[in-house]
Amino acid sequence: MSVISNLEYLQKLYESDDYEWLLTNIELLKQGKFNDVDLENLIEELADLGNEKKNAVESLLQQIIRHLLLYQYWIAESERNSGHWQAEIYSFRDQLNAKLTTNLRNHLAEQRLKIYQRALGYVQRKTNYQVDFPLECSYTLEQLLDVDFLG
């Protein structure tokens, strides 16, 4: 009968119950048992966590841009939807500003133009290409994050 090592146990636990795996690794770190930590999977999880944060803030910024474009340019729907769009813009900005760190802000600054293009594709389809949206992003990151900016 072979004895399973702590690392092998953690690796199997990672596959079956990732939350319990996380709690176990946290406890090992707190106890200073660094050699017992499932380092390979922990590194993977930390990288995924960073990507999740980037994806979350990108998604919120894209929502802000979508709603700003609709608010500013979809005149045919403005009377009926402007209040909704303003509220959505405020809500997405509030959520985004709560999540922002210096690194995530820098990431958004680098990705702003790509995020704009994805938002543009969405609003063009939503309006059935009937609205002339700007093809290039004219919003600064500061404007997009400013809870009072509506264009």
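Please read these numbers as outputs of a predicted model, since none were measured by experiment. (Residues numbered from 1 in each chain as written. Predicted model: local features only at pLDDT ≥ 70, side-chain atom pairs only at ≥ 80, totals over all residues. Heavy atoms only, no water.)

Undergrad: Got a minute to help me understand the nonpolar core in this structure?
TA: As a rule of thumb, nonpolar side chains are buried together in soluble globular proteins. L61, I65, L96, L108 and Y139 are the most contacted members of the largest nonpolar core, which has 29 residues in total. Contributions of two or more residues to this core are made by α3 (39-73), α4 (75-99), α5 (102-126) and α6 (141-145). Counting residues per element, this core draws most heavily on α3, at 8 residues. Those residues in contact with I65 that lie beyond four places of it in its chain are I115, Y116, A119, Y139 and L144. Among the nonpolar cores identified, the runner-up in size contains 7 residues, and L10, L13, W21 and L42 belong to it. (Core = buried A, V, L, I, M, F, W, Y, C linked by side-chain atoms within 4.5 Å. Buried < 20%, exposed > 50% of the residue type's maximum accessible area, 1.4 Å probe, protein only. Helix = DSSP H or I, 4+ residues; strand = E, 2+ residues; numbered from the N terminus. Contact = heavy atoms within 4.5 Å.)

Undergrad: Would you mind showing me how to read the pattern of salt bridges here?
TA: When their charged atoms lie close together, side chains carrying opposite charge are able to pair. Within this structure, the stated rule accounts for 2 salt bridges. One salt bridge connects E58 with R118, and the closest N-O pair in it is separated by 3.3 Å. Here the residue E58 occupies a position in helix α3, and R118 occupies one in helix α5, the gap between them amounting to 60 residues. On the basis of relative accessibility, which here comes to 13%, the residue E58 falls in the buried class. With a closest N to O distance of 2.6 Å, E77 and R80 form a salt bridge. Highlighted residues: E77 and R80, both in helix α4, separated by 3 residues, approximately one helical turn. (Salt bridge = Lys/Arg side-chain N within 4 Å of Asp/Glu carboxyl O.)

Undergrad: Sorry, what's going on with helix α2 (residues 18-30) here?
TA: Since the α-helix turns once every 3.6 residues, residues separated by three or four places project in the same direction. Compared with the 18 Å implied by 1.5 Å per residue over 13 residues, the 18 Å span of α2 between its first and last C-alpha is a close match. On the buried face of α2, the contacting elements are α1 (6-16) and α3. Where α2 terminates, the next one or two residues include G32, which has phi positive at roughly 75°. (Expected span 1.5 Å × (residues − 1).)

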